[in-house]
Amino acid sequence: MEFLNSLLDPFALIDLGIADIADGVKRWAIANRSMIQPIKDVLNTGIVSVDHAFNAVPPLLMLLIIVLIAWQLASARVAITVGVALTVLGLLSPHAWGLAMTTLAIVVAAVIVCFLIGLPLGTLAGKSDRFEAVLRPLLDLMQTIPAFVYLVPVVMLIGIGNVAGVIVTVIFALPPLVRLTSLGIRGVNPSVVEAARAFGASPKQVLFKVELPLAMPTIMAGVNQTIMMALSMVVIASMISVGGLGNEVLRAMGRLDAGKAIVGGLGIVILAIVLDRITQGIGQSGRARGHRRWFEVGPIGLISAPFRKA
Amino acid sequence: MNTPSAEPVIRCEGIWKIFGKRADEAMRSVREHGLSKEEVRDRFDCVVGVRDASFDVARGEIFCIMGLSGSGKSTLIRHINRLIEPTAGKIMIEGRDVNALSNADLRQMRAEKIGMVFQSMALMPHRNVLQNVAFSQEVRGFDKAERRRSALRAIEAVDLKGWEAKYPDELSGGMQQRVGLARAIAADPAILLMDEPFSALDPLIRRQLQDQFMALSAEMHKTTLFITHDLDEAIRIGHRIAIMKDGELVQIGTPEDIVTAPADAYVADFVAGISKLGLVTAAKIMEPVAAWEQREGPAATASWSQARPEALLNELVDLSIASPDPIAVMQDGKAIGIVTKTALLRGVRGDLAPAAA
């Protein structure tokens, strides 16, 4: 009887010790922390200075700057939406604006890192089926594995703080950018690429003059998704001592303070709306924007109009 | 029409293209055992795209390759600028072996020597007309003023002046293809590769563009390889025509040759519907004066309508309508042949058997 039981449930008898191995990696990470420390300090200084810069600008001026950016990159309509949304954000509570700027700094840092890693990876994946086949399960893993699983090793490796927060955010937010960059490169009309080759373009010129520009709307959709996912990591990142709106929500949860939670939560949502509208605006195709150059639209277009030739 | 000089600009020798993972194996087998297309497909799971194609194109000549879709003509033309590598065979451009070029030399040749026009236009939607046309000089690193100058010259040549700042999606199909043509001639290349350039356009626009292309071509005297599935187009445009079927060039000749002496039933079938009026000359249908006199008595050629030997049927029909007499074919002031109404009617029908009755 016992034999039959063990036959039907062989997994109970076999222990490959995967958890122990992972634990070993953790111990190794703790032992070698000093190696990581200098890199971490540099990154942390970068993030903190962005945070300080955002917080140093008077809120009303910052609001104006973001509205102007939205007008330039997207449209006047988006700029109005962004202006209203940011005003509501500021009115949520006296501290909301400062917290939002801290969160914005973390998200911007994470998205820049995602862009630097994701664009080359996605381009390679778009060019090579084999690389895509290797990358895909890795991206699936990054997107689906619960954040708490890698939270611990990351903290063991580099300690709590902004850098760890950015790293866990990047792990979660990177996949859509890679996937959509690959999709965008694959979606470029092959006959246009052929024409570029026929007129003597080198592989590098084909990439930078044809493939990346034509894939740009899809890549921007990826950036948009990456920003949204980065914002959704804000609360989890605050568990490893990242400040900002996420921290507000976390603390409210600990004290069962519904009011504080709503301020933090709404703040994150508004930030998401603002960043979403702006990045969607950038992703519009040339035709949708009436084929105007960047210096012919928005506030810069308004200022430069008298200096341009008709 | 320009008479092409003898020096070949493009020379293709025994080009084979077999698609598939086991192409080289299939190629060896074809060489040794002369496998057919079907045998290659069944035995090696490979597709024969081009089968032993050889031809020369002389400087200034317009060489048409005519074939139905799937006959391998688009594959063949892509060998000239090595967008496709041949499985076997050699392509020489002005005496240089294209497949022996380094990558850098190949890119230079593509940008400076060869212009290409595509059926799908393949314009870059994120660049305006000027930037599209200037592309080949841009990738060669010409300075902005110079490439703007050549691009504007090309745009003017295709009558698109004033449209430089527009984007492709703001233009009609015919205009887009004119941009495609301008892009091909912007760097003033010696060779033009035209891959069914006018097939996607409606008939009226197609005819307009054919005329425009022929005018440009006469003026610029470029060596042109022109792909089409439309025999009328091939006859209108080409100095010589090659008929392609299942990857093989079945006949190469002047339009008149192809129409009057088709090499096989396949070509004959193609040319059956083609009007001979603008193709066949008096020399092809005339009867020697002696033969005529033997049958009908002395010929009063001096009082009949007269035509040159290279006069087309069109012209002969006009002469024949004007007078009840036969037409005298004159060369150097002497009658060398006679075209009767019967012979003329036979000629119109494409029946060029020696006139007996």
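My aim in this report is to walk through the structure given alongside it, one point at a time.

What counts and what doesn't
- Residues numbered from 1 in each chain as written.
- Chains lettered and ligands numbered in written order.
- Predicted model: local features only at pLDDT ≥ 70, side-chain atom pairs only at ≥ 80, totals over all residues.
- Heavy atoms only, no water.
- Pairing = 2+ DSSP bridges.
- Helix = DSSP H or I, 4+ residues; strand = E, 2+ residues; numbered from the N terminus.
- Core = buried A, V, L, I, M, F, W, Y, C linked by side-chain atoms within 4.5 Å.
- Buried < 20%, exposed > 50% of the residue type's maximum accessible area, 1.4 Å probe, protein only.
- Domains from an automatic or database assignment.
- Phe/Tyr/Trp six-rings, centres within 6.5 Å; stacked < 30°, edge-to-face > 60°.

Quick look at the sheet that holds strand S13 (residues 327–331) of chain B now. All names here are of chain B. Ordered in space as S11-S14-S13-S12, the four strands form an open sheet in which the pairing is mixed. The open sheet has two free edges, formed respectively by strand S11 (287–288) and strand S12 (305–307), since each of these has just one partner strand. The pairing of S12 with S13 spans three bridges and is parallel. Looking at the pairing, glutamine 306 lines up with alanine 328 of S13.

In this section: the nonpolar core. Residue and element names in this part refer to chain B. Grouped together as the largest cluster of nonpolar side chains are 171 residues, with contacts concentrated most on Phe55 and Ile65. No fewer than three residues from each of domain 1 (57–87 + 98–271) and domain 2 (282–349) sit in this core. With 12 residues, the next largest nonpolar core counts Trp16, Ala26, Val30 and Ala88 among its residues.

Let us now look at the packing of aromatic side chains. Residue and element names in this part refer to chain B. All told, the structure shown has six aromatic pairs over all chains when counted by the stated rule. Taking 5.9 Å as the distance between ring centres and 55° as the angle between the ring planes, the aromatic pair formed by phenylalanine 198 and phenylalanine 226 counts as tilted. Note that phenylalanine 198 is positioned in the loop between strand S7 (191–195) and helix H9 (203–220) and phenylalanine 226 in strand S8 (residues 223–228), a separation of 28 residues in sequence. The same class applies to phenylalanine 198 and to phenylalanine 226, which are both buried.

With that out of the way, let us pick up unusual backbone geometry. Residues and elements named next belong to chain B. Non-glycine residue aspartate 52 carries a positive phi angle of around 50°. Within the secondary structure layout, aspartate 52 lies in strand S2 (residues 47–58). Take aspartate 52: its relative accessible area is 45%, and that puts it in the partly exposed class. Residue aspartate 246 is not a glycine yet carries a positive backbone phi of 50°. Mapped onto the secondary structure, aspartate 246 falls in the loop between strand S9 (240–245) and strand S10 (248–253).

Worth remembering: the numbers are spatial, not functional.
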